[in-house]
Amino acid sequence: MQNFFSLLKREFRLFWSNKVLRLLFIGAPILYGVLLGYVYGKGKVTDLPIIIIDQDRSELSSKAIQMFEDNEVLHIASILYDQNNLSQIAIEKEATCVVIIPKDFEKMTLTKKYPEITTIVNTSNVLTANYASTAIQVCLGTMKAGVQIETLRKQGVPENLLASQYEPFKTTFIKKYNRSTNYMYFLWPGVLATVLQQVLLLGLALSFASEFENGTFKDLVKRCPSLLNLLAVKIIPYMIMSFGIWIIYWLFTLWFRLPFYENLLPLTFIAGIFVLSVSFIGILVSILVPSQLKATEILMVIATPSFILSGFTWPLSQMPQAVQAIANVIPLTHFLKAFRILIIENGSFSQTTKPIWNMVIIGIVCFVAAYIALHFKKKSVLKEA
């Protein structure tokens, strides 16, 4: 046991002596946590610039403009009266939408000639385009209702019947979980989990590869003949440091006032399984590829697209079957699914059984493969001796 602890100390010393690895493993989660926390801290998009082209200049068009101005998502960057140099002005103002109110808009509305308000949406950024166009639709929809109700009132329809005459039935949309559609709640945790996976893979890519390159693997095998102990020596330090990063992440949720209070204990357990499965992937590649540079490159190829493939932002069901198969062998995919169930949707631990077992299977397969590969590496080293 004393020998085992001395090997753990040796592993920590090796980690601490590598300045680049130390900076990346400890610095990257903190830097990304703070930086992305402030990037998405506002949570939702507001004051998106739009351009209004008011060709009518009537009381009704003024009401529409006032409704746009009162909406928190929109900010009127400019009011024009013609379409001259529109494309140039839209680029200069960084306008997400251009709303064109036609000539004789009020007159045609009052005489029921069905005028058309045209909205040009800048979809170069899908997020801002969706927010702005939805806000404009809400404003114009409210205005339509007001005009219709006012017309019915003038026709002598009683006040208590106005709403039912205009709207034969009601529709209600109830938002659950992320009710404010806060982008911080949605994206920030997923990115931080991706960062944790990347630094783990980067650190463990060097675990055995550095021993092979530096010629110290033979001495390590002599000091620790048990392959299980050898794997444990390499993984336990990263498990301990990952738990430290997990606590830092939790402190970040307090700092940025994120309402992640429920199911933290079961999520921590699942995070432990996630770290183990990622660690065995890193260990396996580090054993099979005895070059530190090549092992790092291979694992970064796995880690870099993992967030995109995870189904966290784009539904996994909408991806080709081949891409889904690749995504399902990456632990991050299953961890983020469990995270969403427990933290965002306030589900129960029993509902995360499938993603947990998927991570366990990935970990077991990689562990067995790493054990077999290490056995042959040890055998070849002892033969040379």
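In short, a report on the structure. (Residues numbered from 1 in each chain as written. Predicted model: local features only at pLDDT ≥ 70, side-chain atom pairs only at ≥ 80, totals over all residues. Heavy atoms only, no water.)

**As for the sheet that holds strand β4 (residues 118-121)**
Then, number 1: Strand order in the open sheet made by the 4 strands is β2-β1-β3-β4, with mixed pairing throughout. At either end of the open sheet lies a strand with only one pairing partner, and these are β2 (74-80) and β4. Direction aside, the axes of adjacent strands within the sheet are offset by 20 degrees on average.
Then, number 2: By the bridge criterion, 5 bridges tie strand β1 (residues 48-54) to strand β3 (residues 97-101) in an arrangement that is parallel. Within β3, the position partnered with I52 by the bridge is V99.
Then, number 3: Against the sheet, helix α3 (residues 59-70) makes contact with β1, β2 and β3, and its axis sits at roughly 145 degrees relative to β2, the strand it touches most.
Then, number 4: Contacts between helix α4 (residues 86-93) and the sheet are confined to β1, β2, β3 and β4, with β1 contributing the most and set at about 155 degrees to the helix. (Pairing = 2+ DSSP bridges. Helix = DSSP H or I, 4+ residues; strand = E, 2+ residues; numbered from the N terminus. Axes fitted to C-alpha atoms, helices over the stretch in contact; angles between N-to-C directions. Contact = heavy atoms within 4.5 Å.)

**Quick notes on helix α13 (residues 292-303)**
Then, number 1: The terminal C-alpha atoms of α13, which comprises 12 residues, lie 16 Å apart, in line with the 16 Å expected from a rise of 1.5 Å per residue.
Then, number 2: Listed in full, the buried residues belonging to α13 are Q292, A295, T296, L299 and A303. End-on view of α13: buried residues confined to an arc of 95 degrees, all on one side of the axis. Facing away from the buried side of α13 by more than 90 degrees, the exposed set consists of L293, K294 and V301.
Then, number 3: Considering only its buried residues, α13 is in contact with α8 (183-205), α9 (209-214), α12 (264-288) and α14 (306-309). (Expected span 1.5 Å × (residues − 1). Buried < 20%, exposed > 50% of the residue type's maximum accessible area, 1.4 Å probe, protein only. Arc of directions from axis to C-beta.)

**A closer look at the packing of α8 against α12**
Then, number 1: α12 packs onto α8 with a crossing angle of 35 degrees between their chain directions and a minimal axis gap of 8 Å. Between α8 and α12 lies a crossing whose hand is right-handed. Listed contacts from α12 to A193, L196, Q197, L200, L201, L204 and A205 of α8 are F274, V275, V278, S279, I281, G282, I283 and S286.
Then, number 2: For the contact of α8 with α12, the residue count by class is 11 nonpolar, 4 polar and no charged. (Left-handed = near helix turned anticlockwise from the far one by under 90°. Nonpolar A, V, L, I, M, F, W, Y, C, P; charged D, E, K, R; others polar.)

By themselves, these figures tell us nothing about what the structure is for.
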